[in-house]
Amino acid sequence: MAAIQLLFEKLQPTDANIDKATAGNICICGTYQRIRKAIHLAAPNKKTILK
Amino acid sequence: MKQAINVNRRNFLKTSTLLGGGLVISFTLPAGIKRLAFIEPPSSVFSPNAFLRIGTDGSVQIILSKVEMGQGIWTTLPMLIAEELDCDWSTIKVEHSPVGKEYAHTFIPTQGTFGSTSTVSEFDRYRQAGAVARTMLVEAAAKRLGVPANTCSTENGFVIAGDKRVGYGEVSDDASKLPVPSVTLREPKDWKLIGKSQPRLDSPEKVNGKAIFGIDIQFPDLLTAVVARSPVFGGKVKSFDGAKAKAINGVIEIIQIPYGIAVIANNYWAAKLGRDALKIEWDFGANATLDSKQQLEAYRKLAKTKGKSAQQKGDVTTALAKAVKTVTAEFAFPYLAHAMMEPLNCTVKVSSDKCEIWAGTQIPSNDQAAAAKLLNFKPEQVVISTPFLGGGFGRRGALNCDWVIEAVALAKASGKFIKLVWSREDDISGGYYRPSYLHHAVIGMDSKGFPIAWQHRVVGQSVFSNTPFGGDLEIDDSSVEGIKGSPYLEWVPNHSVELHTTKNDIPVQPWRSVGKSHTCFVMETLIDEIAFAGGKDPVEYRRILLKNYPRHLAVLNLAAEKAKWNTPLPKARFRGVALNEGNGSYVAQIVELSIDKKKIQLHRVVCAIDCGVAINPDGVKAQMESCIVYGLTAALYGEITLEKGQVKQRNFNDYRLLRINEMPVVEVHIVPGLDKIGGAGETGVPPIAPALANALFAATGKRIRKLPIRPEDLVKG
């Protein structure tokens, strides 16, 4: 949900944008790097996702 | 301008008010899937072994002897079957097995997922399962087509003979009538799946919310229980007043148990409010004085005396006296919680002759035996269903089955269907930790800067005493593994490794990477220290000491190459290196960081792993990323402390995790290897803390002797 909000606000979020927006989402399994990648992947497709 | 998200349309959460007040947040569960059951097998099924079912429709069901806790075996084990079976990957459905002899670990006498042994222990058996099935399907199809079996090939769920194709489903009935053959497995050079990253089979349901974890289990008449446990381990209830608790809407029953009070309610929130409303007077008992600072002092005293010998060679006292240089160091490690994202929970139904348990457990055979014993049942009368685990790390394989037995006992005592839930606070402060340890080492070096004497004492509890997993009963291996048997000590002609195993009532439990979680820090920072003391580069120094250890060297050299160790770093950037060996695998890590305003900025971790065959390479990379974050979290923030008998930490505010904005870039490089196989679940945890500490030494000139790392450690020494 934090990622959705970010994609509403930023066309091309940077790693720093992603980190700030999702800093409240914690992961003990360590997927942070993949969360960043997933958001980068989603960004160009956000029109479809946010419909 | 911030735009509001329409949460309801996305259906993430559904809120409703409870009758009479109180907030209930219920998750929208997919229709019909509220209770985990084993997948219904198709009515007519070809099941050549316990791991595989093929329906007349060609669907493939794979039954796992191991449990999925995020480590990826839900995908890796099916890859082993699919490599030999030549089925259509998209038709595979996966489930966890029940408890059964067929699912026993192939080299440890139990049924469970631990020790990073899943892929190692099933590498042959699962491939065989696929090969046996394929051979029988081919024979059945060949008979039907009237051709010799050796003229047939298989692909994507079909047996092919010339221009004729027969689907596996068509001949599955015929195949099930054939005798089970012996088979030859495919050569690595012919592998189509193994060694190529595959998309995870559990990703879709974990992304769309359909995945069921233990905490999601729900069915009619299921009540929720929470337990008020003594804040001091071993404490007992002296008296209690449950009147206010009973009056909370939704609270059904309050039961006193030997070590606390259980509140049983219609739902978790009512149970929690009920527990909050209990007035309990505790008799804390002898452990009311437990204190971490006092324990450290007691451990220090012990470390001054001789312990039990774990390993020795030569005459360390004489050699130390002759040393040109000596390094003396004391290391202190705190208790650590596992901190699984899904707190412990267990659902139980008990009748007069059957017990059904739903639990995300790592060792279901243990739980079955313990539940049967408690209920005076035969083991077969206890049926365990395992949903996905929201993290295990060892806690969900509790050697005494504490959280499962608690639920079984409550179900029996109340006569109700019970879902026992531990809150995050219960979990963090409830014990079963990685023990605290003290190390004291004295190393003597010669004029060339190499160690000629090494005296090492360890003080701490054993996680294995009085369990079937205990190794040598004289020496607790989990306290000294990584020191005992260390390749570095092979170099040292005079050494002594001694252990004081302590006993107290703080429950302890194996924690991801077990003994190496502390011993690797000590070994890798000491090696670093004596390298610098002799004016040597830490990578080059390790190359010399490990010259007879090719697999250690391979990961060290790969990490150094990818990190460009010999190229100077930009100004204000520093790096450190560490190695670990464990579970049949070898890992090297190099950390690059800066220190900015007394805070660590982690830039990059370069990780090299040799796990032999990397069945699912992306899975191995994900495991290394996971190990690194888990280890960094512990190194930077992890500490459970006791004061006046009580654990001080409660939740992720005071038992912190690494956050995404602290996450370095992690690069994982896999050493190719086809003739062996090792695990990847734990081996990446131990080296990250010493690699970090060695990088901090490069930055500050100070050695880290205590974890977690503190702000004063970051000031230049």
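Once a new chain begins, its residue numbering starts again from 1 and follows that chain's sequence as written. Chains carry letters from A onward and ligands carry numbers from 1 onward, assigned in written order. Given that this is a predicted model, residues contribute local features only at a pLDDT of at least 70 and side-chain atom pairs are listed and counted only at 80 or more, while totals for whole chains, interfaces and linings are drawn from all residues. With hydrogens and water stripped out, all remaining heavy atoms of the structure feed into the side-chain values.

Colleague: Quick question: what am I supposed to make of the overall build of chain A here?
Modeller: Scanning chain A for helices and strands turns up four helices and zero strands. The order of α-helices and β-strands along chain A, N terminus first, is α-α-α-α. For this measure, only C-alpha atoms enter the radius of gyration; the expected value for a globule follows 2.2 Å times N^0.38, where N is the number of residues. Its C-alpha radius of gyration of 10 Å places chain A within 12% of the 10 Å reference for a compact globule of 51 residues. With respect to the principal axes defined by its C-alpha atoms, chain A has extents near 30 × 15 × 15 Å. Put simply, DSSP marks the helices as runs of H or I at least four residues long and the strands as runs of E at least two long, and each gets a number from the N terminus on.

Colleague: Help me understand the overall build of chain B, please; the structure alone is not making it clear to me.
Modeller: Helix and strand counts for chain B come out as 19 helices and 29 strands. Here the C-alpha atoms of chain B give a radius of gyration of 28 Å, agreeing with the 27 Å that 2.2 N^0.38 yields for 717 residues. With the C-alpha coordinates of chain B rotated into their principal frame, the extents come out at 80 × 75 × 65 Å. Here a residue-residue contact requires only that any non-hydrogen atoms of the pair lie within 4.5 Å. Taking contacts inside chain B between residues at least 6 apart in sequence as the whole, the part at least 24 apart equals 75%. Lys and Arg are tallied as positive, Asp and Glu as negative. Neither His nor the chain termini are counted. Where a charge sits is defined by one atom per residue type, namely NZ (Lys), CZ (Arg), CG (Asp) or CD (Glu). Charge-centre separation for chain B: the mean point of 86 positive side chains lies 5 Å from the mean point of 72 negative side chains.

Colleague: Would you explain the nonpolar core in this entry?
Modeller: As a rule of thumb, nonpolar side chains are buried together in soluble globular proteins. Residues and elements named next belong to chain B. Here the nonpolar core consists of buried residues drawn from Ala, Val, Leu, Ile, Met, Phe, Trp, Tyr and Cys, with membership extended through side-chain atoms lying within 4.5 Å. The cut-offs for exposure are 20% and 50% of the maximum accessible area for each residue type, with area from a 1.4 Å probe on protein chains only; residues under the lower value are buried, those over the upper are exposed, and the others partly exposed. Within the largest apolar cluster, 156 residues are counted, with the highest numbers of intra-cluster contacts made by Ile357, Trp454, Leu526, Val591 and Leu692. It is helix H18 (residues 617–637) that contributes the most residues to this core, 10 residues altogether. When near neighbours in sequence (up to four residues on either side) are disregarded, Trp454 contacts Val316, Val442, Ile443, Leu489, Val492, Asn494, His495, Ser496, Met523, Leu526, Ile527 and Ile530. Counting 49 residues, the second largest nonpolar core, distinct from the first, contains Leu52, Tyr103, Ala142 and Val171.

Colleague: In this structure, what is going on with the packing of aromatic side chains? I would like to understand it.
Modeller: Each aromatic ring pair is described using two quantities: the centre-to-centre distance and the angle formed by the ring planes. Residues and elements named next belong to chain B. What counts as a ring pair is set by centres within 6.5 Å for rings of Phe, Tyr and Trp (its six-membered ring), and what kind of pair is set by the plane angle: stacked under 30 degrees, edge-to-face over 60, tilted for all other angles. Summed over the entire model, instances satisfying the criterion amount to 15 aromatic pairs over all chains. Here the aromatic rings of Phe51 and Tyr126 are separated by 4.8 Å at their centres, their planes lie at 45 degrees, and the arrangement is tilted. Taken together, the residues span a long stretch of sequence, with Phe51 in the loop between strand E3 (45–49) and strand E4 (52–55) and Tyr126 in helix H3 (residues 118–145) at a distance of 75 residues. For the pair Phe51 and Tyr126, a shared accessibility class is recorded, and that class is buried. Both a distance and an angle decide whether a charge sits over a ring: NZ of Lys or CZ of Arg must be within 6 Å of the ring centre and within 35 degrees of the ring normal. Here Arg127 stacks its cationic end above the ring of Phe123, 4.0 Å away from the centre of that ring. Stacked on the ring of Trp422, the Lys or Arg Arg395 has its end atom at 5.5 Å from the ring centre.

Colleague: I would appreciate a short explanation of the interface of chain A and chain B in the present structure.
Modeller: Many analyses report the size of an interface as the accessible area lost when the parts associate. Listed as interface residues are 23 residues of chain A and, on the opposing side, 28 residues of chain B. In this description, buried area is defined as the sum, over both parts, of the accessible area (probe of 1.4 Å) that is lost when the two are combined. Each partner contributes to the roughly 2400 Å² buried at the junction of chain A and chain B, and carbon and sulfur atoms together form 60% of this total. Note on definitions: salt bridges are taken to be side-chain nitrogens of Lys or Arg within 4 Å of carboxyl oxygens of Asp or Glu. In this assembly, chain A and chain B are joined by two salt bridges. Asp618(B) is paired through a salt bridge with Arg34(A); the nearest N and O atoms lie 3.0 Å apart. For this analysis, a polar contact is any N or O atom pair within 3.5 Å, provided that within protein one partner can donate a hydrogen and the other can accept it, and provided that sequence-adjacent residues contribute only side-chain to side-chain pairs. The tally of links from chain A across to chain B stands at eight residue pairs in polar contact (both at pLDDT 80 or more). Ranked by residues supplied to the side of chain A that touches chain B, first place goes to helix H3 (residues 32–42) of chain A with five residues. Following the grouping adopted for this structure description, the nonpolar residues are Ala, Val, Leu, Ile, Met, Phe, Trp, Tyr, Cys and Pro, the charged ones are Asp, Glu, Lys and Arg, and the polar ones are all others, Gly among them. Classifying every residue of the side of chain A that touches chain B by side-chain character gives 13 nonpolar, five polar and five charged.

Colleague: Any chance you could explain the sheet that holds strand E24 (residues 574–582) of chain B here in plain terms?
Modeller: Backbone hydrogen bonds are what pair the strands of a sheet, in a parallel or an antiparallel way. Residue and element names in this part refer to chain B. Overall, mixed pairing links the four strands, which are arranged E24-E25-E26-E29 in an open sheet. Every interior strand has two partners, whereas the edge strands, E24 and strand E29 (665–670), have only one. For this sheet, the mean angle separating the axes of adjacent strands, direction not counted, is 15 degrees. Note that E24 and strand E25 (residues 585–596) share nine bridges and pair antiparallel. Bridge pairing links Ala578 to Gln589 in E25. Two strands are counted as paired when DSSP detects at least two bridges linking them. Axis lines are fitted to C-alpha atoms, over the contacting stretch for helices. Their N-to-C directions set the angle, which ranges from 0 to 180 degrees.

Colleague: Explain unusual backbone geometry to me, please; I cannot follow it from the model alone.
Modeller: A negative phi holds for most residues other than glycine; trans holds for most peptide bonds. All names here are of chain B. Here the bond from Leu707 into Pro708 is cis, since omega is 0 degrees, no more than 30 degrees from zero. Here Pro708 shows up in the segment after helix H19 (688–700). Phi is positive for Cys401, close to 55 degrees, though the residue is something other than glycine. Topologically, Cys401 is positioned in the loop between strand E19 (382–385) and helix H11 (402–414).

Colleague: Can you help me understand the confidence of the model for chain B in this one?
Modeller: As a general rule, the predicted coordinates of low-pLDDT regions are not to be interpreted in detail. Averaged over every residue, the pLDDT of chain B is 93; residues scoring 70 or more account for 93%. Confidence estimates for the predicted assembly give a pTM of 0.93 and an ipTM of 0.92. Values of pLDDT, the confidence the predictor places in each residue, fall between 0 and 100.

Colleague: Just checking my understanding: could you explain the state of the cysteines for this structure?
Modeller: A disulfide bridge is the covalent bond that connects two cysteines by way of their sulfur atoms. Residue and element names in this part refer to chain B. Criterion for a disulfide: a pair of cysteine sulfur atoms within 2.5 Å. Summed over the entire model, instances satisfying the criterion amount to zero disulfides over all chains. Cysteine Cys346 shares no disulfide, and the gap to the nearest cysteine sulfur, in Cys355, comes to 8.3 Å. Here Cys346 falls in the buried class, since its relative accessible area comes to 0%. For the unlinked cysteine Cys401, the closest cysteine sulfur is that of Cys346, found at 10 Å.

Colleague: Looking at this structure, I do not really get the side chain of Arg434(B). What am I missing?
Modeller: Residues and elements named next belong to chain B. For Arg434, the position within the fold is in the loop between helix H12 (424–429) and strand E21 (437–445). Buried charge without a partner: Arg434 forms no salt bridge, and the closest opposite charge is Glu639, 9.8 Å away. A polar atom in the side chain of Arg434 sits 2.8 Å from the backbone oxygen of Pro334. Every residue in contact with Arg434, bar those within four places of it in the chain, is listed here: Phe333, Pro334, Tyr335, Leu336, Gln509, Trp511, Ser517 and His518.

Colleague: When you look at the pattern of salt bridges in this model, what are you seeing that I'm missing?
Modeller: All names here are of chain B. Summed over all chains, the structure comprises 40 salt bridges over all chains. With its nearest N and O atoms 2.8 Å apart, the salt bridge here joins Arg229 to Glu406. Within this pair, whereas Arg229 is found in strand E10 (residues 222–229), its partner Glu406 is found in helix H11, the two being separated by 177 residues in sequence. The salt bridge involving Lys272 is made with Asp276; its shortest N-O contact spans 2.7 Å. Of the two residues, Lys272 and Asp276 both sit in helix H7 (residues 268–276), four residues apart, roughly one turn of that helix. In this structure Lys272 comes out as partly exposed when scored by relative accessible area, which is 24%. A single network of salt bridges, built from pairs that share partners, joins Glu524, Asp528, Glu529, Arg542, Arg703 and Arg705.

Colleague: Looking at this model, I keep getting lost on helix H4 (residues 168–176) of chain B. Mind explaining?
Modeller: Because each turn of an α-helix spans 3.6 residues, side chains separated by three or four positions in sequence point in the same direction. For H4(B), the complete set of buried residues consists of Tyr168(B), Gly169(B), Val171(B), Ser172(B) and Ala175(B). Along the axis of H4(B), the buried positions cluster into a sector of 160 degrees, meaning they face one direction only. Read the arc as the range of directions from the helix axis to the C-beta atoms.

Colleague: Got a minute to help me understand the packing of helix H2 (residues 15–22) of chain A against H3(A) in this structure?
Modeller: Relative placement of two packed helices is described by the angle separating their axes and the distance separating the axes. All names here are of chain A. Packing of H2 against H3 leaves a shortest axis separation of 10 Å and a crossing angle of 110 degrees. It follows that H2 is roughly perpendicular to H3 by the angle criterion. Between H2 and H3 the crossing geometry is right-handed. Contacts from Asp15, Ile18, Asp19 and Thr22 of H2 reach H3 at Arg36, Ile39 and His40. Along the lines of polarity and charge, the residues of the contact of H2 with H3 split into two nonpolar, two polar and three charged. Convention used here: angles under 35 degrees read as roughly parallel, angles over 145 as roughly antiparallel, angles from 65 to 115 as roughly perpendicular, and any remaining angle as oblique. We call a crossing left-handed when the near helix sits turned anticlockwise from the far one by less than a right angle, and right-handed when that turn is clockwise.

Colleague: Honestly, the environment of Lys306(B) in this entry has me stumped. Any pointers?
Modeller: Residue and element names in this part refer to chain B. Among the secondary structure elements, Lys306 is positioned in the loop between helix H8 (292–303) and strand E15 (308–313). Apart from the residues lying within four places of it in its own chain, the contact partners of Lys306 are Arg457, Glu498 and His500. A distance of 3.3 Å separates the side chain of Lys306 from the side chain of Glu498, its partner in a polar contact.

Colleague: Is there a simple way to explain the pairing of strand E26 (residues 599–610) of chain B in this structure?
Modeller: Look at any regular strand and the pattern is simple: side chains alternate between the two faces of the sheet. All names here are of chain B. Bridge analysis of E25 against E26 gives 11 bridges, and the strand direction is antiparallel. In the sheet register, Gln589 faces E26, and the bridge partner there is Cys607. Between E25 and E26, which follow one another and run antiparallel, lie two residues, and Lys597 among them has a positive phi close to 50 degrees. Bridging between E26 and E29 involves six bridges; their strand directions are parallel. Across the sheet, the residue bridging to Val606 is Glu667, located in E29.

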